[in-house]
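Read off the chains here:
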Amino acid sequence: MTLTIEFLPDRLNREPVVFRGMTTSELFIALSGGFAAGLISGIFPAAVVGIWALIPTGALAGAVLAILVGGKWLARVKRGRPDTWLYRAMGAWFSRHGYGDARLVQKSAVWVIRRSAR
(Lines give C-alpha, C1' and ligand atoms only; values in the text may rest on other atoms or scores of the structure.)
Protein backbone atom coordinates (compact mmCIF):
# COMPACT_ATOMS: atom_id res chain seq x y z
CA MET A 1 0.00 0.00 0.00
CA THR A 2 1.45 3.32 -1.09
CA LEU A 3 0.61 6.53 0.65
CA THR A 4 0.49 9.63 -1.53
CA ILE A 5 0.22 13.10 -0.17
CA GLU A 6 -2.50 14.90 -2.06
CA PHE A 7 -2.02 18.25 -0.37
CA LEU A 8 1.37 19.71 0.46
CA PRO A 9 1.17 23.22 1.87
CA ASP A 10 3.55 25.66 0.21
CA ARG A 11 3.85 27.86 3.31
CA LEU A 12 5.06 25.06 5.55
CA ASN A 13 8.69 26.18 5.66
CA ARG A 14 7.97 29.91 5.67
CA GLU A 15 9.29 31.94 8.57
CA PRO A 16 6.37 33.09 10.73
CA VAL A 17 5.45 36.74 11.15
CA VAL A 18 6.40 37.85 14.65
CA PHE A 19 5.74 41.58 15.01
CA ARG A 20 4.24 44.26 12.74
CA GLY A 21 4.47 42.11 9.62
CA MET A 22 8.16 41.31 10.13
CA THR A 23 9.72 37.91 10.57
CA THR A 24 12.35 37.27 13.24
CA SER A 25 15.29 37.93 10.94
CA GLU A 26 13.71 41.10 9.52
CA LEU A 27 12.98 42.28 13.06
CA PHE A 28 16.63 41.71 13.95
CA ILE A 29 17.78 43.63 10.86
CA ALA A 30 15.52 46.59 11.76
CA LEU A 31 16.57 46.43 15.41
CA SER A 32 20.30 46.37 14.69
CA GLY A 33 20.07 49.10 12.04
CA GLY A 34 18.06 51.36 14.32
CA PHE A 35 20.35 50.63 17.25
CA ALA A 36 23.44 51.54 15.19
CA ALA A 37 21.85 54.70 13.80
CA GLY A 38 20.68 55.79 17.27
CA LEU A 39 24.09 55.04 18.74
CA ILE A 40 25.86 57.15 16.15
CA SER A 41 23.33 59.99 16.36
CA GLY A 42 23.56 60.03 20.16
CA ILE A 43 27.29 60.74 20.18
CA PHE A 44 27.08 64.36 19.02
CA PRO A 45 24.49 65.57 21.58
CA ALA A 46 26.34 63.69 24.32
CA ALA A 47 29.59 65.45 23.42
CA VAL A 48 27.94 68.87 23.23
CA VAL A 49 25.93 68.63 26.45
CA GLY A 50 28.39 66.42 28.34
CA ILE A 51 25.78 63.88 29.39
CA TRP A 52 27.22 60.59 28.19
CA ALA A 53 24.04 58.69 29.01
CA LEU A 54 22.58 60.15 25.81
CA ILE A 55 24.56 57.63 23.73
CA PRO A 56 22.79 54.45 24.95
CA THR A 57 19.51 56.37 25.22
CA GLY A 58 19.81 57.38 21.57
CA ALA A 59 20.63 53.78 20.62
CA LEU A 60 17.53 52.43 22.36
CA ALA A 61 15.33 55.19 20.97
CA GLY A 62 16.66 54.49 17.47
CA ALA A 63 15.96 50.77 17.84
CA VAL A 64 12.38 51.37 19.03
CA LEU A 65 11.74 53.90 16.28
CA ALA A 66 13.16 51.56 13.63
CA ILE A 67 10.93 48.70 14.77
CA LEU A 68 7.75 50.75 15.04
CA VAL A 69 8.14 52.85 11.89
CA GLY A 70 10.25 50.42 9.89
CA GLY A 71 7.84 47.54 10.43
CA LYS A 72 4.97 49.36 8.82
CA TRP A 73 7.18 50.60 5.98
CA LEU A 74 8.72 47.17 5.38
CA ALA A 75 5.32 45.46 5.32
CA ARG A 76 4.16 47.94 2.68
CA VAL A 77 7.30 47.46 0.58
CA LYS A 78 7.24 43.65 0.83
CA ARG A 79 3.58 43.29 -0.15
CA GLY A 80 3.20 41.01 -3.16
CA ARG A 81 6.87 40.04 -3.32
CA PRO A 82 8.50 36.65 -2.67
CA ASP A 83 9.65 35.63 0.81
CA THR A 84 13.35 36.06 0.06
CA TRP A 85 13.00 39.44 -1.66
CA LEU A 86 14.45 41.50 1.21
CA TYR A 87 17.59 39.38 1.49
CA ARG A 88 18.13 39.37 -2.28
CA ALA A 89 17.60 43.15 -2.47
CA MET A 90 20.07 43.73 0.37
CA GLY A 91 22.62 41.43 -1.29
CA ALA A 92 22.20 43.28 -4.59
CA TRP A 93 22.63 46.66 -2.88
CA PHE A 94 25.79 45.54 -1.10
CA SER A 95 27.12 44.07 -4.34
CA ARG A 96 26.47 47.30 -6.25
CA HIS A 97 28.37 49.27 -3.62
CA GLY A 98 31.37 46.92 -3.59
CA TYR A 99 30.70 45.01 -0.35
CA GLY A 100 28.92 41.88 -1.57
CA ASP A 101 29.55 39.11 -4.05
CA ALA A 102 31.01 40.59 -7.24
CA ARG A 103 29.75 37.60 -9.26
CA LEU A 104 26.09 38.55 -8.71
CA VAL A 105 24.46 39.24 -12.08
CA GLN A 106 22.56 42.53 -12.04
CA LYS A 107 22.02 43.22 -15.72
CA SER A 108 18.46 43.99 -16.73
CA ALA A 109 17.39 43.01 -20.24
CA VAL A 110 14.31 42.09 -22.23
CA TRP A 111 13.98 38.48 -23.27
CA VAL A 112 12.67 37.72 -26.75
CA ILE A 113 11.47 34.18 -27.41
CA ARG A 114 10.32 34.44 -31.00
CA ARG A 115 12.39 33.81 -34.08
CA SER A 116 13.97 36.70 -35.87
CA ALA A 117 13.91 36.97 -39.67
CA ARG A 118 17.22 37.18 -41.48
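Cut-offs applied
- Residues numbered from 1 in each chain as written.
- Predicted model: local features only at pLDDT ≥ 70, side-chain atom pairs only at ≥ 80, totals over all residues.
- Heavy atoms only, no water.
- Helix = DSSP H or I, 4+ residues; strand = E, 2+ residues; numbered from the N terminus.
- Rg over C-alpha atoms; globule rule 2.2 N^0.38 Å.
- Buried < 20%, exposed > 50% of the residue type's maximum accessible area, 1.4 Å probe, protein only.
- Contact = heavy atoms within 4.5 Å.
- Areas by Shrake-Rupley, 256 points an atom, 1.4 Å probe, with all protein chains shown as cover.
- Lys, Arg positive; Asp, Glu negative; His and termini not counted.
- Charge placed at Lys NZ, Arg CZ, Asp CG, Glu CD.
- 1 Å grid on protein atoms, 1.4 Å probe; cavity = no way out; pocket = protein on both sides within 12 Å on 5 of 7 lines; lining within 4 Å.
- Points joined across faces, edges and corners; volume = space filled by probe spheres on them.
- Nonpolar A, V, L, I, M, F, W, Y, C, P; charged D, E, K, R; others polar.
- Expected span 1.5 Å × (residues − 1).
- Core = buried A, V, L, I, M, F, W, Y, C linked by side-chain atoms within 4.5 Å.
- Axes fitted to C-alpha atoms, helices over the stretch in contact; angles between N-to-C directions.
- Parallel < 35°, antiparallel > 145°, perpendicular 65-115°, else oblique.
- Salt bridge = Lys/Arg side-chain N within 4 Å of Asp/Glu carboxyl O.

Enquirer: Explanation requested: the overall build of the protein in the structure shown.
Expert: When you go through the protein residue by residue, the secondary structure sums to three helices and two strands. Order of helices (α) and strands (β) in the protein, N terminus to C terminus: β-β-α-α-α. In summary, the protein has a C-alpha radius of gyration of 22 Å against a globular reference of 13 Å for 118 residues, an excess of more than 25%. Dimensions along the principal axes, computed over C-alpha positions, put the protein at roughly 70 × 55 × 25 Å. Sorting the 118 residues of the protein into buried and exposed places 17% on the buried side. Here the contacts in the protein between residues at least 6 apart in sequence split such that 51% fall between residues at least 24 apart. Of the roughly 10,200 Å² that the protein leaves accessible, carbon and sulfur atoms contribute 65%. Looking at the protein, you have 15 positive and 6 negative side-chain charges, and the mean spots of the two groups are 13 Å apart.

Enquirer: What is the right way to look at the layout of surface pockets in this model?
Expert: If you roll a probe as big as a water molecule over the atoms, it shows you where there is empty space left. In this structure, the largest pocket occupies an estimated 280 Å³ of space. Among the residues making up the lining of the largest pocket, the classes are represented as four nonpolar, three polar and six charged. Each pocket or cavity is described by its volume, and for the second largest pocket that value is around 240 Å³. Around the second largest pocket, the lining is made up of 15 residues, and of these Ile29, Trp73, Leu74, Leu86 and Met90 lie nearest the centre.

Enquirer: What am I meant to see in helix α3 (residues 85–96) here?
Expert: Under the 1.5 Å per step criterion, the end-to-end length of α3 is 16 Å for twelve residues, consistent within 8% with the ideal 16 Å. Where the residues of α3 are buried, they touch α1 (24–49) and α2 (54–78). Gly98 sits one or two residues past α3 and shows a positive phi near 85°.

Enquirer: Is there a simple way to think about the side chain of Thr23 in this case?
Expert: The topology assignment puts Thr23 in strand β2 (residues 22–23). Contact partners of Thr23, with chain neighbours within four places excluded, come to Glu15, Pro16, Val17, Val18 and Tyr87.

Enquirer: Which parts of the structure should I look at to understand the nonpolar core?
Expert: The nonpolar side chains of a soluble globular protein tend to be buried with one another. Counting five residues, the largest nonpolar core consists of Met22, Ala30, Ile67, Leu74 and Leu86. Sequence-distant contacts of Leu74, defined by excluding residues within four places in its chain, comprise Met22, Glu26 and Leu86.

Enquirer: Please clarify how the packing of α1 against α3 should be interpreted in this entry.
Expert: A pair of packed helices is captured by two measures, namely the crossing angle of their axes and the spacing between those axes. Their axes nearest at 11 Å, the elements α1 and α3 cross at an angle of 40°. Our classification of the angle between α1 and α3 gives oblique. Where α1 approaches α3, its residues Ser25, Glu26 and Ile29 are matched on the opposing element by Leu86, Tyr87 and Met90.

Enquirer: Even after reading the chapter, I still don't get the pattern of salt bridges, so can you show me in this structure?
Expert: Under the defined criterion, the tally for this structure stands at one salt bridge. With its nearest N and O atoms 2.9 Å apart, the salt bridge here joins Lys78 to Glu26. One end of the pair, Lys78, is in helix α2; the other, Glu26, is in helix α1, with 52 residues separating them in the sequence. Side by side, Lys78 and Glu26 carry an identical accessibility label, which is buried.

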